[in-house]
Amino acid sequence: MNIDFNTDRPIYMQLAEGLEDAILSGAYEEETQIPSTTEISVNYKINPATALKGINMLVDGGIVYKKRGLGMFVSTSAKEKILDKRKVTFFESYINTLISEAKKLSISKEDILIMLERGFNK
Amino acid sequence: MRLKSVIKYNISETKYRVLIFYGILAAIMALIGCSQIFLTKEDIISQSSGFELPTIIFLFVLGLNSFKQNYLFLSTNGITRKEQFYGFLISSIPIVAVMGAIDIAFGNILMQLSNYNSLFNMIYEGWVIDTAKPIIILVAFIWSTVLCLFAIVLGYFITTSYYRMSKMMKVIVSIGVPALFFNILPLIDSVFTNGKVLGWFEMLFISLAGLKNGYNPLTGIVSLLIGASVLAGLAFLLVRRAPVKE
Amino acid sequence: MSYIEISNITKTFGNTIALDNVSLKLDQNKIYGLLGRNGAGKTTLLNLITNKVFPTEGEIKVDGESVVENDKLLSKMYFMTEKNLYPEHMTVKSAFKWSKEFYPDFDENYAKVLSEKFLLKNSKKIKSLSTGYQSIFKIIVALSCNAPVILLDEPVLGLDANHRDLFYKELLKNYSEKPKTIIISTHLIEEASDVIEDVIVIKDGKVIMNDSVEKVLLQGYSVSGTAVAIDEFIVGKNVLGTDSLGGLKTAYLLEKIDQTTIPVGLEVTKLDLQKLFIHMTNS
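Residues numbered from 1 in each chain as written. Chains lettered and ligands numbered in written order. Predicted model: local features only at pLDDT ≥ 70, side-chain atom pairs only at ≥ 80, totals over all residues. Heavy atoms only, no water.

## Some words on the sheet that holds strand E13 (residues 248-254) of chain C
Residue and element names in this part refer to chain C.
Here is step 1 of the chain: The strand order across the open sheet formed by four strands is E12-E13-E11-E14, and the pairing between neighbours is antiparallel. On the outer flanks of this sheet lie strand E12 (239-245) and strand E14 (267-270), each paired with one strand and no other. Going from strand to strand, the sheet's axes swing by 20 degrees on average, the running direction of each strand aside.
Here is step 2 of the chain: Here strand E11 (residues 220-226) pairs with E14 via four bridges, running antiparallel. (Pairing = 2+ DSSP bridges. Helix = DSSP H or I, 4+ residues; strand = E, 2+ residues; numbered from the N terminus. Axes fitted to C-alpha atoms, helices over the stretch in contact; angles between N-to-C directions.)

## So, the sheet that holds strand E2 (residues 16-26) of chain C
Residues and elements named next belong to chain C.
Here is step 1 of the chain: As summarised here, the arrangement of the four strands in space is E2-E1-E4-E5, forming an open sheet in which the pairing is antiparallel. The sheet is open, and its two borders are formed by E2 and strand E5 (65-66), each paired with just one other strand.
Here is step 2 of the chain: One ladder, built from five bridges, connects strand E1 (residues 4-13) with strand E4 (residues 57-62); its direction is antiparallel. Considered in E4, the bridge of Glu5 is made with Lys61.
Here is step 3 of the chain: Contacts from helix H1 (residues 42-49) reach E1, E2 and E4, with the element oriented near 120 degrees to E1. (Contact = heavy atoms within 4.5 Å.)

## Brief notes about the pairing of strand E7 (residues 149-153) of chain C
All names here are of chain C.
Here is step 1 of the chain: Most of E7 is tucked away, with five of its five residues classed as buried.
Here is step 2 of the chain: Bridge analysis of strand E6 (residues 77-80) against E7 gives four bridges, and the strand direction is parallel. Residue pairing for E7: Met80 is matched across the bridge by Leu152.
Here is step 3 of the chain: The pairing of E7 with strand E8 (residues 181-185) spans five bridges and is parallel. Each bridged residue has a counterpart across the sheet, and for Leu151 the counterpart in E8 is Ile183.
Here is step 4 of the chain: Traced from E7 through helix H6 (residues 161-177) to E8, the parallel crossover comes out right-handed. (Buried < 20%, exposed > 50% of the residue type's maximum accessible area, 1.4 Å probe, protein only. Right-handed = clockwise from strand over helix to strand, strands pointing away.)

## Observations regarding the layout of surface pockets
Remark: the empty space left among the atoms is shown by a probe the size of a water molecule rolled over them.
Here is step 1 of the chain: By volume, the largest pocket amounts to about 1,700 Å³.
Here is step 2 of the chain: Lining the largest pocket are 35 residues, with Arg9(A), Glu92(A), Ser93(A), Thr97(A) and Gln259(C) positioned closest to its centre.
Here is step 3 of the chain: Looking at the lining of the largest pocket, the elements with two or more residues in it are helix H1 (11-24) and helix H4 (78-104) of chain A together with E14 of chain C.
Here is step 4 of the chain: Of the residues forming the lining of the largest pocket, the biggest block, 13 residues, is contributed by H4(A).
Here is step 5 of the chain: Residues that form the lining of the largest pocket fall into these classes: 13 nonpolar, nine polar and 13 charged. (1 Å grid on protein atoms, 1.4 Å probe; cavity = no way out; pocket = protein on both sides within 12 Å on 5 of 7 lines; lining within 4 Å. Points joined across faces, edges and corners; volume = space filled by probe spheres on them. Nonpolar A, V, L, I, M, F, W, Y, C, P; charged D, E, K, R; others polar.)

## Some thoughts on the confidence of the model for chain A
Here is step 1 of the chain: Taken over all residues, the pLDDT of chain A has a mean of 90, while the share at 70 or more is 99%.
Here is step 2 of the chain: When mean pLDDT is taken per element in chain A, helix H3 (residues 48-60) of chain A scores highest with 95 and H4(A) scores lowest with 88. (pLDDT = per-residue confidence, 0-100.)

## Some thoughts on the side chain of Asn121(B)
Residues and elements named next belong to chain B.
Here is step 1 of the chain: Turning to its location among the elements, Asn121 is positioned in helix H6 (residues 119-123).
Here is step 2 of the chain: By relative accessible area, Asn121 is classed as buried at 13%.
Here is step 3 of the chain: Sequence-distant contacts of Asn121, defined by excluding residues within four places in its chain, comprise Met111, Val128 and Ile136.

## Let's talk about the packing of helix H3 (residues 92-102) of chain C against helix H4 (residues 108-118) of chain C
Residues and elements named next belong to chain C.
Here is step 1 of the chain: Running from N to C, H3 and H4 point in directions that differ by 150 degrees, and their axes come no closer than 10 Å. Taken together, the axes of H3 and H4 are roughly antiparallel relative to one another. Once H3 is placed against H4, the crossing between them reads as right-handed. Along its contact with H3, which presents Phe96, Lys97 and Lys100, the element H4 presents Glu108, Ala111 and Ser115.
Here is step 2 of the chain: When grouped by side-chain class, the residues that make up the contact of H3 with H4 number two nonpolar, one polar and three charged. (Parallel < 35°, antiparallel > 145°, perpendicular 65-115°, else oblique. Left-handed = near helix turned anticlockwise from the far one by under 90°.)

## Some points on the environment of Leu64(B)
Residues and elements named next belong to chain B.
Here is step 1 of the chain: Mapped onto the fold, Leu64 is located in helix H3 (residues 52-64).
Here is step 2 of the chain: When its relative accessible area of 29% is taken as the criterion, Leu64 is described as partly exposed.
Here is step 3 of the chain: Sequence-wise, Leu64 and Leu154 are 90 residues apart; in three dimensions their C-alpha atoms are separated by 8.0 Å.
Here is step 4 of the chain: Leaving out residues up to four positions away in the same chain, Leu64 has contacts with Gly155, Tyr156, Ile158 and Thr159.

## Quick notes on empty space enclosed by the protein
Residues and elements named next belong to chain B.
Here is step 1 of the chain: If you walk through the whole model with that rule in mind, you get six cavities of 30 Å³ or more.
Here is step 2 of the chain: Estimated volume of the largest cavity: approximately 130 Å³.
Here is step 3 of the chain: As for the largest cavity, its lining consists of 13 residues, and the residues nearest its centre are Asn10, Thr14, Ser66, Asn70 and Phe88.
Here is step 4 of the chain: Those elements that provide at least two residues to the lining of the largest cavity are helix H1 (3-38) and helix H5 (81-113).
Here is step 5 of the chain: For the lining of the largest cavity, the class distribution of residues is four nonpolar, seven polar and two charged.
Here is step 6 of the chain: A volume near 70 Å³ is recorded for the second largest cavity.
Here is step 7 of the chain: Around the second largest cavity sit Asn10, Ser66, Phe67, Asn70, Tyr71, Leu74, Gln84, Phe88, Tyr156 and Val239, which together line it.
Here is step 8 of the chain: Listing elements by their share of the lining of the second largest cavity, those giving two or more residues are helix H4 (68-76) and H5.
Here is step 9 of the chain: Considering each element in turn, the lining of the second largest cavity owes the most residues, three residues, to H4.
Here is step 10 of the chain: When grouped by side-chain class, the residues that make up the lining of the second largest cavity number six nonpolar, four polar and no charged.

## Structural notes on the interface of chain B and chain C
Interface extent is often summarised as the accessible area lost during association of the parts.
Here is step 1 of the chain: Taken together, the contact between chain B and chain C spans 27 residues of the former and 23 residues of the latter.
Here is step 2 of the chain: The contact between chain B and chain C buries some 2,400 Å² in all, and 57% of this surface belongs to carbon and sulfur atoms.
Here is step 3 of the chain: Considering only the surface of chain B that becomes buried against chain C, Arg2(B), Phe73(B) and Thr76(B) emerge as the three largest contributors, covering 25% of it.
Here is step 4 of the chain: At the boundary of chain B and chain C, one finds three salt bridges.
Here is step 5 of the chain: Residue Arg2(B) is joined to Asp71(C) by a salt bridge in which the shortest nitrogen-to-oxygen separation is 3.7 Å.
Here is step 6 of the chain: If you look at where chain B meets chain C, you find 11 residue pairs in polar contact (both at pLDDT 80 or more).
Here is step 7 of the chain: Elements that contribute at least two residues to the side of chain B that touches chain C include exactly H1, H4 and H5 of chain B.
Here is step 8 of the chain: Taken together, the residues of the side of chain B that touches chain C sort by class into 10 nonpolar, eight polar and nine charged. (Buried area = accessible area lost by both parts, 1.4 Å probe. Salt bridge = Lys/Arg side-chain N within 4 Å of Asp/Glu carboxyl O. Polar contact = N/O pair within 3.5 Å; in protein donor to acceptor, adjacent residues only side chain to side chain.)

## A word on the pairing of strand E3 (residues 31-36) of chain C
Residues and elements named next belong to chain C.
Here is step 1 of the chain: E3 sits mainly inside the fold: six of its six residues count as buried.
Here is step 2 of the chain: Neither face of E3 is left uncovered, since the one carrying Ile31, Gly33 and Leu35 and the one carrying Tyr32, Leu34 and Gly36 both have all their residues buried.
Here is step 3 of the chain: With four bridges connecting them, E3 and E8 associate as parallel partners. Residue Tyr32 lies in a different strand from E8, and its bridge partner there is Ile183.
Here is step 4 of the chain: Relative to strand E9 (residues 198-203), E3 is paired through five bridges, and the arrangement is parallel. Considered in E9, the bridge of Leu35 is made with Val201.

Here it is, written out as structure tokens:
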């Protein structure tokens, strides 16, 4: 798992997203353990409270769960949940940005559609 | 309380300095011993009296060097000023007692071997003549120890005063105090008071040493003890609010 | 109740006011970043917390008690000073030995392990070490002494990139395993900004910020556009500073961003802690 933190959003959100990406990519299979707060904190040189907050976001989303005395584990339906959530946010985070940038550059709707076509056919 | 640790540290710091001091002293003694072979007895008498003096000077210098470095180090280790002060006093006692005892033992051996006369025996000559030897040794040991204590506390007091002074004050005191006692006071005394002030100082010194009416080493011991206590008290007032600075 | 309570502290040195009526409350077992420009009063504050110097006015309490000449409290704190206060002749090894004497919880094995990781030679005299290795030596004492409060003044001074990386990792490992109250004073803000939980900013002897890093970062942003548009936009807002480059102007603001009020044509960027700090402490 490799996360490049930037300043756009809080670190804990970026961490949660990085972990989700890792789960989607299969780096952490369902029902396997994810790194502990300490491991994450030390590895990325972030405050343990931040790391905990990131992991708690995943707990709240039902993506990971705590096994008492063992650590955090990826839930059975984690991938599905992440995909569902990402689809919801896709419009907001990608389409909206796309359209506002296109407007700035005076790219028409038709042009965007052509570009999309091209992108998918690659 | 980490007083025990402070004492342990102070003694371990001093141990090597004391050993070096005696090493040098032994070397000098050996040199004199060698020269004895070639010299006549009269020459030696004039050279070898009062070997306590180096010890006293050493302890005075030790006192001078007992503050700053220890203070910074012990403060870094979270030791309060009060504990540092008590640590200094308590660890000084075995040091001065051991050095006082060595001086006495050394002096007595020398007196057996040659015409050497110890500082104590010279000062309290009149008392020594009428007193039994074991008592002389005991009193000389106490006197020597208390004198050593006074020397180390005096050094400590001077160094702590300097530590608390501003640069300007240091210069004023360094020049002013010696000038006062060696130039200004004698000058005023000879011009205006006709030597009375210096005479008074002399009398005070003689009285404190217990030499006013005959010879009384006990008065000397008490005076030194009081002097050391006063200096220690003043040093404590200085250390109590000392800031850490380089 | 707060763990460290600094109440109305003023500290003067002759005519200079190092700290001016500073009040702060610090929680237990958090990592604080103490930021300020040179001479802002950071070291003085740390010196006061550990009673290395006495306040001119005010009081500092730790765990409900005044720190002044308090043996119990002073034995619970280790202040890693920027200057080396260890004796001239002392070796690293004997310094560890004495640390164990004065801080009974000092972990000699851990100190040895850390020395090996940092390649610190224990037989060397502390004063003969390079600036970087003197920092490393002091870091190791601070981490190994197991005091519940450790104050680090410029801990990464002279450390190369690898050693700085190692330092932050070891610090976080240590903190995760044995939580403690840590205050780091540093100029290298970018590196420390993710490590610290709360940030305290001092400027000219006054505390101008004391908040969680996360909250602070949510507040700071910069906005750029034409000078006219920017000047109009920033009216009535908490502006830290502005930059002009030709007709383009950038304003640095410290308040919660409201995306809906940003006029078209203005570019908004988030500020990181370092940028925010620079604009806050510019005179």
